[in-house]
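Now for the letters of each chain:
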Amino acid sequence: MIGLSMTAYPGRNLDGLGEWLEKAKELGFEVVELVSEWPHFVTRDSWRDYLELLESHSLRVTLHAPFSDLNIGSLNGRIRRVSIEVLGETLEVASVLGALAVTVHPGHCSPVSRRYRMDYNMTHRGSLMELEKLAEEHGVSVGVENMPNFPILDAQTPERLAELLEGINLGVTFDVGHLNTTTRDFEGFLRTFRGRIVSVHLHDNSGKLDEHLPPGDGTVPWKRVLPELPDVPKVLEVSSLTDAARGVSYLGDIGGL
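This one's a predicted model, so the numbers in the text were calculated from it and none came from an experiment. Every chain is numbered independently, its residues counted from 1 as its sequence is written. Per-residue local features of the predicted model are confined to residues with pLDDT of at least 70, and side-chain atom pairs are confined, for both listing and counting, to 80 or more; whole-chain, interface and lining totals are unaffected and use all residues. Excluding hydrogens and water, the side-chain figures rest on all heavy atoms present in the structure.

K.L.:
What exactly am I supposed to notice about the layout of surface pockets here?
P.N.:
Regions of empty space are outlined by a rolling probe, equal in size to a water molecule, passed over the atoms. A cavity here means a set of points on a 1 Å grid, drawn over the protein atoms and nothing else, where a 1.4 Å probe fits but cannot get out; a pocket is an open set with protein on both sides within 12 Å along at least five of seven lines, and a residue lines either one if it has an atom within 4 Å of a point. Grid points are joined across faces, edges and corners, and a volume is the space filled by probe spheres set on the points. Reported here for the largest pocket is a volume of approximately 390 Å³. As for the largest pocket, its lining consists of 26 residues, of which H64, F67, H105, M147 and L153 are closest to the centre. Under the scheme applied, nonpolar residues are Ala, Val, Leu, Ile, Met, Phe, Trp, Tyr, Cys and Pro; charged residues are Asp, Glu, Lys and Arg; polar residues are all the others, including Gly. Here the lining of the largest pocket is composed, by residue class, of 13 nonpolar, 8 polar and 5 charged. Empty space within the second largest pocket amounts to approximately 170 Å³. Together, E132, A135, E136, V140, S141, V142, N169, L170, G171 and V198 line the second largest pocket. Of all the elements, helix α5 (residues 117-138) adds the most residues to the lining of the second largest pocket, at 3 residues. The residue makeup of the lining of the second largest pocket, split by class, is 5 nonpolar, 3 polar and 2 charged. Helix and strand assignments come from DSSP, with helices taken as H or I runs of at least 4 residues and strands as E runs of at least 2, each series counted from the N terminus.

Next comes the structure, spelled out in structure tokens:
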């Protein structure tokens, strides 16, 4: 099941979303990933607008939870608490939308969390345990996403993501492009999380920066990776419908769809 992320939607409001959804469907996309970030937050107040548009185009949905300005690993208790509250609302909304999966970011590091690493790890895992309970309460599949190469970001390697999730019943969102900027150990990632992956993000890059290029425009070894991916929603995360068309055409040409 192939999907397209709203990272490819250029509008600042929903006025053009219906037309965009129609074009996405014409390109062969069956799923749309709503990205709950400014200016398109998906909340208790706005979810009906999204659902009406998605249903009118017979499209399924995945949801990317908010991540800017949030940090579930924060040692500032108020910031951590608000982050959990925002994500809790997202999981509630995902449930009523019938979302196939919800992607959340792990916490990230600050100067103080680097200094007090043990406290940071305990706080971070405590937040993930809270998300585990919320996911069960709302009956949604949550995938914690592996992060790209960037100084403050956590969970950049499969080993670190596995360490954070040990004993916690949450899934994984496998971001292929992110891993291409870190270990590039695609087979190792799939071995580690086989059976736990609830969604996949597809995009490309040069191997250094998180560029979100269409598949085929970078160095991801797609012919090797695609056949090994599990049967879960696979979402193209690119910046335009033009890039989406090129990416889905490339994947189709190499037999990946």
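This is not the end of the story, as more comes after the structure.
K.L.:
What exactly am I supposed to notice about α5 here?
P.N.:
Because each turn of an α-helix spans 3.6 residues, side chains separated by three or four positions in sequence point in the same direction. The length a helix should cover is 1.5 Å for every residue beyond the first. For α5, with 22 residues, the first-to-last C-alpha span of 31 Å sits near the 32 Å given by 1.5 Å per residue. The contact definition used throughout considers only heavy atoms, calling two residues in contact when any of these lie within 4.5 Å. In this structure, the buried residues of α5 make contact with α3 (77-97), β4 (102-104), α4 (111-115), β5 (142-145) and α6 (158-165). Just beyond α5, the residue with positive phi is G139, at close to 65°.

K.L.:
Please clarify how the environment of D204 should be interpreted in this entry.
P.N.:
Following the sequence through the fold, D204 ends up in the loop between β7 (197-202) and α9 (222-225). Throughout this description, buried means an accessible area under 20% of the type-specific maximum (1.4 Å probe, protein chains only), exposed means over 50%, and partly exposed covers the range between. You can call D204 buried: its relative accessible area is 0%. Through-space distance from the C-alpha of D204 to that of S56 is 31 Å; in sequence the pair is 148 residues apart. Contact partners of D204, with chain neighbours within four places excluded, come to E211, H212, L213, P214, P215, G216, D217, G218, T219, V220 and W222. Throughout this description, a polar contact denotes any pair of N or O atoms lying within 3.5 Å of each other; where both atoms belong to protein, one of them has to be capable of donating a hydrogen while the other can accept it, and for residues adjacent in sequence the pair is counted only when both atoms sit in side chains. Among the polar contacts listed, one links the side chain of D204 to the backbone nitrogen of T219, at a separation of 3.1 Å.

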